[in-house]
Amino acid sequence: MTATPLTWLYVPGDRPEVVTKALASGADVVVVDLEDAVAPDRKEYARTATAERLTDPQPVPVHVRINALDGPLATPDLRSLEGLPGVAGLRLPKVTTPQDVVRVATRTREKALPLHALLETALGIEHAFAIATAHPALHGIALGEADLRADLGVRGDAGLDWCRSRVVVAARAAGLTPPPQSVHPDTRDLDTLAASCAHGRALGFLGRAAIHPRQLPVIERAYLPTPEEIEEAEQIVKAAATDEGAQALPDGRFIDAAVVASARRTLSLADRTRP
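Analysis parameters
- Residues numbered from 1 in each chain as written.
- Predicted model: local features only at pLDDT ≥ 70, side-chain atom pairs only at ≥ 80, totals over all residues.
- Heavy atoms only, no water.
- Helix = DSSP H or I, 4+ residues; strand = E, 2+ residues; numbered from the N terminus.
- Buried < 20%, exposed > 50% of the residue type's maximum accessible area, 1.4 Å probe, protein only.
- Pairing = 2+ DSSP bridges.
- Axes fitted to C-alpha atoms, helices over the stretch in contact; angles between N-to-C directions.
- Salt bridge = Lys/Arg side-chain N within 4 Å of Asp/Glu carboxyl O.
- Polar contact = N/O pair within 3.5 Å; in protein donor to acceptor, adjacent residues only side chain to side chain.
- Contact = heavy atoms within 4.5 Å.
- Disulfide = S-S within 2.5 Å.

Visitor: Go over unusual backbone geometry with me, naming the residues and quoting the values.
Guide: One non-glycine residue with positive phi stands out, namely K94, at about 50°. Within the secondary structure, K94 sits in the loop between β4 (89–92) and α4 (98–107). Note on K94: relative accessible area 28%, which makes it partly exposed.

Visitor: With reference to specific residues and values, describe the pairing of strand β5 (residues 115–119).
Guide: Within β5, five of the five residues are buried, leaving the element largely enclosed by the surrounding structure. Of the two faces of β5, the one holding L115, A117 and L119 and the one holding H116 and L118 are both buried throughout. The pairing of β4 with β5 spans three bridges and is parallel. If you follow L90 over to β5, its bridge partner there is L115. Summarising the sheet, β5 and strand β6 (residues 138–143) pair through five bridges and their orientation is parallel. From the neighbouring strand, H116 faces β6, where its bridge partner is G140.

Visitor: Account for the sheet that holds strand β7 (residues 208–210), naming residues and giving values.
Guide: Strand order in the open sheet formed by seven strands is β6-β5-β4-β3-β2-β1-β7, and the pairing between neighbours is parallel. Looking at which strands have only one partner, the edges of the open sheet turn out to be β6 and β7. Going from strand to strand, the sheet's axes swing by 25° on average, the running direction of each strand aside. Two elements, strand β2 (residues 29–33) and strand β3 (residues 62–65), share four bridges in a ladder whose sense is parallel. Paired with V30 across the two strands is V62, which belongs to β3.

Visitor: Describe the pattern of salt bridges, and please don't skip the residues or the numbers.
Guide: The tally for this structure, following the rule as stated, stands at 18 salt bridges. Linking D157 and R164 is a salt bridge whose minimum nitrogen-to-oxygen distance equals 2.8 Å. By sharing partners, the salt bridges in this structure join D33, E35, D36, R65, K94, E120 and D147 into a single network.

Visitor: Kindly report on the side chain of N67, identifying the contributing residues and their values.
Guide: With respect to the element layout, N67 can be found in the loop between β3 and α3 (74–81). Note on N67: relative accessible area 6%, which makes it buried. Here the side chain of N67 touches D77 through a polar contact of 2.8 Å, side chain to side chain. Sequence-distant contacts of N67, defined by excluding residues within four places in its chain, comprise L34, E35, K43, L73, A74, D77 and P93.

Visitor: Explain the state of the cysteines residue by residue, including any values.
Guide: Here, the word disulfide means a covalent bond between the sulfur atoms of two cysteines. Counted according to the given criterion, the structure contains zero disulfides. No disulfide involves C163; its sulfur sits 19 Å from that of C197, the nearest cysteine. With a relative accessible area of 6%, C163 lands in the buried category. By relative accessible area, which is 0% here, C197 ends up buried.

Below, the structure is given as structure tokens:
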């Protein structure tokens, strides 16, 4: 997998032809959705088609979002995916407690599949850090904003900012990579998507889930460092290499170990665009 995925493209599990297109879209990770994107009468077909597709390794990491853990479909979903070479990870919807993660991790322990928990309820947000530290197989947490907005009765977008920050902090405190943003539902309004990505980046997110390939370059541009940010990061890392401890740059700005670590993360992202 790409060291720092920025784009996670969701595709419906009952549309094999769309999965094929998604794998060639340039997304860092393709997420085959067996849950929200699939109608109830198509669940069994989606499960079978996904298992058949993932029998072999795929050219792009593929995660599968299974159905809700508290419903009857999660167990057959997990059973159908066991041991498949094409499955690079699982996305768990509507996680509310650490025990939700532990149950799935225990079931998939033979292959040690990376798990990503989606927090979509007020209870999930309250348990964010406990979920993030529930099991070594958990590699990330993220928000499911549509369901969370409905659960909280939030109408304006700003009403979710506290929850967003809570998830970013919980991921960092647990030693996980920063979470990606939730999907932007309007696939044609790319200007609003870009502005939303800029806001998410300012809150500490890294990358974003998408539901259409046209959203991918917008997300990537928003999250890749600018030339000015790269130049600044190079200056900081160079200065840190010449001495130990806290110091000041030529322009008077103070830097310490945390600032240097942030600069190195910036340069790691910049490496995606270098030949």
